[in-house]
Amino acid sequence: MRTTARVVVIGGGVVGVSTLYHLAKKGWTDCVLLERTELTAGSTWHAAGLLPLFNMSYSVGQLHQYSVELYKKLEAETGQDVSFHVCGNLRLATNRDRMDEYRNYQCTAETIGVECHLIGVDEVKKLWPLVNPDGLVGALFHPTDGHIAPVDVTMALAKGARMAGAEIVQRVAVTGIERDNNEWVVKTTAGEIRCEHVVSATGNYARTTAKMVGLEIPVIPVEHQYIVTDVDPELKAYREAGNKELPILRESDAQYYFREERLGWILGPYEKHAPACFVDGVPASFEKDLFPGDLERLMPHVEACMNRVPSFENAGIKDIVNGPIAYTPDGNPMVGPAFGLPNFWVSEGHSFGVTAAGGAGWQLANWIVDGEPTVDMIGVDPRRFGVVSKHFAKLKNEEAYEHVFFTHYPMEERPACRPAKAPPVYEKLKAAGAVFGQRFGWERPNWFAPAGVEAKDVYSFRRSNWFGHVANEVRTMRERVGLMELSSFAKYTVEGPGARAWLDHMVANAIPKSIGRINLCHALNPSGAVRSEFTIARLPDGLYGERFYLVGPGAAHDYDWDFLTKTMPRDGSVIVQDVTTQYGVFVLAGPDARKVLEKLADADVSNAAFPWLTVQDIPVGFCPGVRALRVNFVGSLGWELHHPIEYQQNLFDALMAAGREFEIGHVGIRAMDSMRLEKSYRLWGTDLNAENSVLEAGLDRFVRLQKGPFAGKDALTRQIEAGIPNRFCTIEIEADDADPFGNEPVFMDGEVVGRGTAGGFGHHVQKSLMLGYVKSEFAEIGRDCEVRILGELRPARIIGESPYDPENAALRA
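Residues numbered from 1 in each chain as written. Predicted model: local features only at pLDDT ≥ 70, side-chain atom pairs only at ≥ 80, totals over all residues. Heavy atoms only, no water.

S.K.: Describe the sheet that holds strand β31 (residues 745-748), and please don't skip the residues or the numbers.
M.R.: If you walk around this closed barrel you meet the six strands as β30-β33-β32-β31-β34-β35, and the pairing is antiparallel. The sheet shows a mean angle of 40° between the axes of neighbouring strands, direction not considered. When strand β34 (residues 784-789) meets strand β35 (residues 792-799), the two strands line up antiparallel, connected through six bridges. By the bridge assignment, D784 is partnered in β35 with R797. Helix α17 (residues 669-678) contacts β32 (751-762) and β33 (767-775) of the sheet and is inclined by roughly 130° relative to β32. (Pairing = 2+ DSSP bridges. Helix = DSSP H or I, 4+ residues; strand = E, 2+ residues; numbered from the N terminus. Axes fitted to C-alpha atoms, helices over the stretch in contact; angles between N-to-C directions. Contact = heavy atoms within 4.5 Å.)

Structural data, given as structure tokens:
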């Protein structure tokens, strides 16, 4: 075994081998994969469809689609059969919400390029003659989907990696990983390997591998069972009559998948209360990678399947397979850089294994070699979880498994492990009727139920029970004054003699020069896409030099903190502190916001003394130091009031008391989202993503190409010369009882010319609005288009930015 390598990939499952294959195909042949047993060991799993759209983010969808295309080519490239059976995938629906879900998936599929069709019950019966159609209302059909043998894919990828020059070493266990002189030292039972990069793709061993480098990751397996039957006489007769293999069947409302296997069947339920396993690591005695089967747990699904496919009752059970599948708290894999560790990469928690393995290896190789992925990976980034403890992961992973076949609504909030992180005024907000959601572990009010209204979400793909109440909250903030709790914002201080130069090199905009000024700034990827977004405020100088206050999205906390700490100078010229949990945040906004603040602030808050885009530290009520930023994400007169967290309860009471004469009201996240759509404000992670440049996003005014070097500058210059391919647009839709959510396709003359990144109803302007990207040649204001919403092409029109107050008169008031 070699003693040096550029990359060491740990784990010989399909995910690790795919990563090695793609690294080698990009020319990085000095790479080695280490597998503790053999590549095919424990490969008892099968694939029941490669396009599991039921819980698909845009990120995961692209990984799945790439995987399908890759596997189709592998056999020709390597000569290794991958046993890909293209039989189609049929997803049944027994109610309107499930069909709405499929209509919503159709939108995502069209933006990615996945063929799918919404069909009626008669067509279901034609495609699947053995099905009992009673109770069905329709289905979603993927004709190009199918099933594949993970073992065969693994061996084909391994052969391709070796053909490209990479090395695979089997029966070598990793015993430790250390950092030494800017290199990783991977210790194994066969010696040490020094390398530049390490990739952890160890499946059920993920937490054990992570602990070797002091990393805590929320990957814990959950038991998954499936049944293999003997021959079904009716199926045998059907196939012997010359009929093709039946499509994979998914009855989501009964929580199972079902497909042919050697003239019999495989039934794979996703049962309630399936237990997590290996919470404290995989025991050395666990060799067969299987647990005893438990038929009793599966009986509700067996009975449901017998009802749907009556001939299943005549096929005797041959085997019950029960084994561990690695899960994460949201069910999506973790693919990307590890938090706090240089050149340590994670590709773990692949609960659907082979379905995304090809795409995960593809993008991880791009990230390692080129410095960034080529598709938006924020939905699978390892740093997206606000809580990663073992006890949290166990409960959330069990919930994620149980929810696989639940109806996945766009605004779904799952209940397990909540509240995990909450602001001091949580109970007061709850008493005021708050219906909470969570982001990065933080509890945040989504909306407020008035007295006499149950404080509970009724989920739907259409306008639901909160619609009218959110409209009232928007009216409160647009016409009077509202208060929002947003302590989840990420907050940092940057200080020192090198602070300005470092920040200036990091972002595309200018750094504010005058004390008290605020600029919106973006750190870019090498491609010019937005990596991070910060509100940067210039504070009075500190002991160590210039001082700045940075505010970023709460959901990006670990993502940004990792970026800041990995890129900061090591010469002591810059001091960076994470002060997120030291400061709470209230947003006070609306035409009467100044009147409320004047009653409490020991400072002049007039427009002349405290203009838009400035910051001051001022006493407010009992709180001696509120950092008041005259900015907000709703587009009205207002302030973000960043306060020492210990004063939050008192400050909350004082603001509500001072605002009583102005009919102050509580405002939640959903109202904020409605108002930011009315201003065409871009949201990090959706509107601002890794696939579109900051120029495509229409943020030219925040880019200073004439200043010194910054990441992405060269790419932006090239893009200007070549022509900007897409434009960020605001689109008004003639909607009915459903609004866009994001990922809807934009059509012109029957062709997909763009996709939505966010959407909803603008309650003040009374318009259904969508934000998104349209090909530049079609992105003309006033141009008509169509947007698919729940299966229907709705008339739409591209309109100018900021349908509400385009001149920013309210902000400047």
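S.K.: Please set out the pattern of salt bridges residue by residue, giving values where relevant.
M.R.: Enumeration according to the criterion identifies 54 salt bridges in this entry. For E196, the salt bridge goes to R6, with nearest N and O atoms at 3.7 Å. With E196 in strand β9 (residues 191-200) and R6 in strand β1 (residues 4-10), the pair connects residues that are 190 residues apart, well separated along the chain. Across the salt bridge formed by E178 and K187, the nearest N and O atoms sit 2.9 Å from each other. The partly exposed category is assigned to K187, whose relative accessible area is 25%. Several salt bridges share partner residues, and in doing so they unite D100, R103, R462 and D737 into one network. (Salt bridge = Lys/Arg side-chain N within 4 Å of Asp/Glu carboxyl O. Buried < 20%, exposed > 50% of the residue type's maximum accessible area, 1.4 Å probe, protein only.)

S.K.: Run through the packing of aromatic side chains, naming residues and quoting values.
M.R.: Evaluated as defined, the whole model comprises 28 aromatic pairs. Arranged with centres 5.5 Å apart and planes meeting at 55°, the rings of Y559 and W684 form a pair that is tilted. Note that Y559 is positioned in helix α14 (residues 557-567) and W684 in the loop between α17 and α18 (713-722), a separation of 125 residues in sequence. The class for Y559 is buried, based on a relative accessible area of 11%. A relative accessible area of 9% means that W684 is categorised as buried. Between F586 and F652 the ring centres are 5.9 Å apart and the planes differ by 40°, which places this aromatic pair in the tilted class. Taken as a pair, F586 in strand β25 (residues 583-589) and F652 in helix α16 (residues 648-658) lie far apart in primary sequence, 66 residues in all. A residue is classified by how much of its surface remains accessible, and F586, at 0% relative accessible area, is buried. (Phe/Tyr/Trp six-rings, centres within 6.5 Å; stacked < 30°, edge-to-face > 60°.)

S.K.: Which residues make up α17, and what are the values?
M.R.: In terms of burial, α17 is largely enclosed, as nine of its ten residues are buried. All of the buried residues in α17 are I669, R670, A671, M672, S674, M675, R676, L677 and E678. In this structure, the buried residues of α17 make contact with β18 (442-448), α12 (467-479), β19 (482-485), β32 and β33. Positive phi shows up at S680, right after α17, with a value of about 60°.

S.K.: Can you explain the sheet that holds strand β22 (residues 530-542)? Please cite residues and give values.
M.R.: With respect to topology, five strands assemble into an open sheet ordered β21-β22-β23-β20-β24, the strand pairing being antiparallel. Two strands in the sheet have a free side with no partner beyond their single neighbour: β21 (518-524) and β24 (575-578). With strand direction ignored, the average angle separating the axes of adjacent strands in the sheet is 30°. Across four bridges, the pairing between strand β20 (residues 490-495) and β24 is antiparallel. Note that in β24 the partner of T493 across the bridge is Q577. Against the sheet, helix α13 (residues 499-506) touches β20, β21, β22, β23 (545-552) and β24, its axis set at about 35° to β23.

S.K.: Any chance you could break down empty space enclosed by the protein for me, citing the residues and the numbers?
M.R.: By the definition in use, this model includes six cavities of 30 Å³ or more. In this model, the second largest cavity occupies a volume close to 40 Å³. Along the walls of the second largest cavity sit R103, N104, C107, F461, D739, F741, E744, R788, I789 and L790, which together make up its complete lining. When contributions to the lining of the second largest cavity are tallied by element, the ones reaching two or more residues are α3 (96-112) and β34. With three residues, α3 is the single largest residue contributor to the lining of the second largest cavity. (1 Å grid on protein atoms, 1.4 Å probe; cavity = no way out; pocket = protein on both sides within 12 Å on 5 of 7 lines; lining within 4 Å. Points joined across faces, edges and corners; volume = space filled by probe spheres on them.)

S.K.: Tell me about the side chain of S768, and please be specific about residues and values.
M.R.: The topology assignment puts S768 in strand β33. Its relative accessible area of 3% is what places S768 among the buried residues. One polar contact links S768 to D739, side chain to side chain, over a distance of 2.7 Å. (Polar contact = N/O pair within 3.5 Å; in protein donor to acceptor, adjacent residues only side chain to side chain.)

S.K.: Could you give an account of the environment of S768, naming the residues involved and the relevant values?
M.R.: Measuring from C-alpha to C-alpha, the distance between S768 and P740 comes to 7.7 Å, with 28 residues separating the pair along the chain. Ignoring any residue separated from it by four or fewer positions in sequence, one finds S768 in contact with R463, I731, E732, I733, A735, D739, P740, G760 and F761.

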